[in-house]
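Here is what each chain is made of, one letter per residue.
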Amino acid sequence: MKNRIKQIIFLATISLFMTACHDDLDQDPIDPDSFTEQDVFANATEAKGALAKLYASLALTGQSGPSGQPDIADIDEGFSQYTRMLFNLNELTTDHAVVGWGDAGLPDLHGLYWSAGNDFTGAMYVRLAQEVSFTNAFIQNASELPDAEAQTFIAEARFLRAFAYYNLIDFYANVPLVTEITTDLPSQNSRTELFDFVESELLEIQDLLLESNEYGRVDKVAAWALLSKLYLNAEVWTGTPRYTDCITYSENVLNSSYSINTTDTNGNGNAYDELFLADNNTNGAQNEFILVLNFDGIQSQTFGGPTFLVHAATGGSMDPLSLGINGGWGGLRTTKALVEKFETSEINIPQLNSQLGGTLSNWGLIGDLNEWGDEDVKLYETSTDLYKLYVELPDGELKFRFDENSGNNYGDTGADGILEFGGDNIVVTAGTYLVTFNLANLTYSFDPVISEGDKRGMFYTDGQNLEIGSIPPFAEGYAVTKFKNIDSNGNQGSDSSGDFVDTDLPIIRLAEIYLNYAEAHLRGGGGSLSTAVEKINELRTRGYGNNSGNITSGDLDLDFLLDERSRELYWEGQRRTDLIRYNYFTTNSYLWPFKGNQANGTSVSTFRNIFPIPTNTISTNPNLIQNNGY
């Protein structure tokens, strides 16, 4: 199903009608009549291709793959992709990320000192305005079709328009509300008016959307999920709390057919990382994705999306091949404020070895772990002819040797798990293992030992500093390895060159709605404390790989929940919105490294809770008033 949608998106992207630079929400596609001229709306089957373009506009950047015919002018095409800008505006401005690149306007985001002329805040406005324009054109044209299926398509387009306005409310607060193709310069609407529009649209279309849909397309649960998000932020956006409504629509989602992924397909001790692998459309993660953007290294190439998240987060001594790419861009890292939110427990190797029983033997390991020295790393004989040892190994090679005698050793010729006297060196990758050597049948094993603690925190630390002294060097700050271009079996994504990434990006997933429910309950919206704790523990059990991180009702408060949102959703485009809801984004109530462009962090003016309307938009529409402070 994913391939079908991706092929439709690909065809729509290279052949359809919409190439324009939109300076405001009044802009419409170049020559809207070209819909009819190209018979795009001849019937529902043809209209489905146009619908695909509405989804593609959030995933791709233009008409010819990663670059060449951009939808948006005056900014590097790769920069203009929706999820890349979502990261820049909602993660890079927070404790979750820093970037070492010096592109004009980019350091301003983490430093929280952007201006009205910032290219990145402006490009997001135009990208969302374009989506509104595309959906308006689609709705108008598809309304002429008599097919019942076309009515479903229109409901999907209305959802995508509501989603674009949800983003516009969050980022810019007061923007024009435009629901039809027009050449008139629109007037500005208030945040409350926009909120009311999004709410009414979602309530109207919830029963027009399908109960379930093709992967990558929205259904009625998506409308409930977006209402959950909308109501959670209502107090900030309108001044009126709507936490009871958040509980209602969160419960609808919780009672739907969507489910948290608990399948540890790659066998690494938890089922969280499967959400961000190249086969997350089939490995079980897809059952958690309520709104997801499809990406494919061949069919839908972009320098945004997961290609950006994987390449930009890779640098230093990191191995790009282990992430399924051909090289890193050496840009994105994170601050200690995120790293320290994860509970970890070091593997105590001496304690583990003391629990093996037995006695030290004359059999040992020789190889790169001790630089092929004269003294072996001794194994414990735990029973007759059975030897074991917990040990941390580097990348390299080794053998089993008796009595430190180089003429009496076993290796594995053919790497088949069977030892031969004088056999080839055994190749190992770095990690902590339980090594087992069975002399009776000449077999052996290296079983990985997984550390206890929260495995959702996926960081690369070798050569990286936890404390950030200055932002530009890649070594300053830990690297994040959450997103990968490898599948659950360790295979690279479909683009064999390693340039473009297959991993789909969830925009709304069930885990977020669990967290919404818990927060709305704590803020007085009703619901059940026991349900909130149960859902949080469901996420923590997955993250820990067991119930060692589970909490009780006494542990659950708002600050704990904010940290839990960070642990579960980091780098998924949520953080700034969360910090604003807690009044932590601009204030001195919560500081992080280089907040306000200060090494130890400082508060900034509260007007930065929203972004400016782009300067060129203000200059071309005299009906608009710039947001306060800009």
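Here the structure is a predicted model, which means the values were calculated and not measured. (Residues numbered from 1 in each chain as written. Predicted model: local features only at pLDDT ≥ 70, side-chain atom pairs only at ≥ 80, totals over all residues. Heavy atoms only, no water.)

A. Structural context of the pairing of strand E17 (residues 505-509). Counting buried positions along E17 yields five of five residues, so the element is predominantly enclosed. Pairing of strand E2 (residues 289-293) with E17, which is carried by four bridges, proceeds in the antiparallel orientation. When the sheet's bridge partners are listed, Val-292 is paired in E17 with Pro-506. (Buried < 20%, exposed > 50% of the residue type's maximum accessible area, 1.4 Å probe, protein only. Helix = DSSP H or I, 4+ residues; strand = E, 2+ residues; numbered from the N terminus. Pairing = 2+ DSSP bridges.)

B. Quick look at the environment of Glu-251. Mapped onto the secondary structure, Glu-251 falls in helix H11 (residues 243-254). Taking the relative accessible area as the measure of exposure, Glu-251 reaches 31% and is therefore partly exposed. Considering only alpha carbons, one finds Glu-251 and Trp-224, 27 residues apart in sequence, at a separation of 9.0 Å. Not counting residues up to four positions away in its chain, the partners in contact with Glu-251 are Tyr-517 and Gly-527. (Contact = heavy atoms within 4.5 Å.)

C. Representation of the packing of helix H15 (residues 510-525) against helix H17 (residues 558-569) within the structure. At their nearest, the axes of H15 and H17 sit 10 Å apart, and the two run at 170° to each other. It follows that H15 is roughly antiparallel to H17 by the angle criterion. Contacts between H15 and H17 involve Ala-511, Glu-512, Leu-515, Asn-516, Ala-518, Glu-519, Leu-522 and Arg-523 from the first element and Leu-558, Leu-561, Glu-564, Arg-565, Glu-568 and Leu-569 from the second. Here the residues of the contact of H15 with H17 are counted per class, giving seven nonpolar, one polar and six charged. (Axes fitted to C-alpha atoms, helices over the stretch in contact; angles between N-to-C directions. Parallel < 35°, antiparallel > 145°, perpendicular 65-115°, else oblique. Nonpolar A, V, L, I, M, F, W, Y, C, P; charged D, E, K, R; others polar.)

D. Broad picture of the pattern of salt bridges. The full count for this structure, using the stated rule, is 36 salt bridges. Residue Arg-523 is joined to Glu-519 by a salt bridge in which the shortest nitrogen-to-oxygen separation is 2.9 Å. On the criterion of helical spacing, the pair formed by Arg-523 and Glu-519 is a turn pair, its members being four residues apart in helix H15. Judged by relative accessible area, which is 24%, Arg-523 ranks as partly exposed. According to the relative accessible area criterion, Glu-519 is buried, its value standing at 0%. With a closest N to O distance of 2.7 Å, Glu-564 and Arg-540 form a salt bridge. (Salt bridge = Lys/Arg side-chain N within 4 Å of Asp/Glu carboxyl O.)

E. Inspection of the environment of Asp-487 at higher detail. Looking at the element boundaries, Asp-487 is found in the loop between strand E16 (479-480) and E17. Put simply, Asp-487 and Leu-203 are 284 residues apart on the chain and 38 Å apart in space, counted from C-alpha to C-alpha. Not counting the four nearest positions on each side in its chain, Asp-487 is found in contact with Leu-277, Ala-278 and Asp-279.

F. The environment of Asp-219, seen in detail. Secondary-structure assignment places Asp-219 in the loop between helix H8 (191-205) and helix H9 (220-232). Within the local environment of Asp-219, its side chain forms a polar contact with the backbone nitrogen of Val-221, the two atoms lying 3.1 Å apart. (Polar contact = N/O pair within 3.5 Å; in protein donor to acceptor, adjacent residues only side chain to side chain.)

G. Broad picture of the nonpolar core. By size, the foremost hydrophobic cluster in this structure holds 151 residues, and its most contacted members are Phe-159, Tyr-172 and Trp-571. If one sorts the elements of this core by residue count, helix H7 (residues 148-172) sits on top with 16 residues. Once residues lying within four places of it in the same chain are set aside, the contact partners of Trp-571 are Phe-87, Glu-91, His-96, Ala-97, Leu-309, Ala-313, Leu-332, Arg-333, Val-480 and Phe-483. By size, the runner-up hydrophobic cluster in this structure holds 18 residues, among which are Val-391, Leu-398, Tyr-410 and Phe-446. (Core = buried A, V, L, I, M, F, W, Y, C linked by side-chain atoms within 4.5 Å.)

H. Broad picture of the side chain of Thr-481. With respect to the secondary-structure elements, Thr-481 resides in the loop between E16 and E17. If near-sequence neighbours (up to four positions away) are discounted, Thr-481 is found in contact with Met-318, Leu-323, Met-458, Phe-459 and Tyr-460.

I. Just the packing of helix H16 (residues 529-544) against H17, in detail. For the pair H16 and H17, interaxial distance at closest approach is 12 Å and the crossing angle is 40°. Classified by the interaxial angle, the pair formed by H16 and H17 is oblique. Relative to H17, H16 is oriented so that their crossing is left-handed. On the side of H16, the interface is formed by Ile-536, Leu-539, Arg-540 and Arg-542, while H17 contributes Phe-560, Leu-561, Glu-564, Arg-567 and Glu-568. Counted by class, the contact of H16 with H17 contains four nonpolar, no polar and five charged residues. (Left-handed = near helix turned anticlockwise from the far one by under 90°.)

J. The arrangement of helix H3 (residues 44-59) in detail. The end-to-end C-alpha distance of H3, which contains 16 residues, comes to 23 Å, matching closely the 22 Å that a straight helix rising 1.5 Å per residue would cover. Counting buried positions along H3 gives 14 out of 16 residues, so the element sits mostly inside the fold. Looking at where H3 begins, the residue whose side-chain oxygen comes 3.1 Å from the main-chain nitrogen of Thr-45 is Asn-43. (Expected span 1.5 Å × (residues − 1).)

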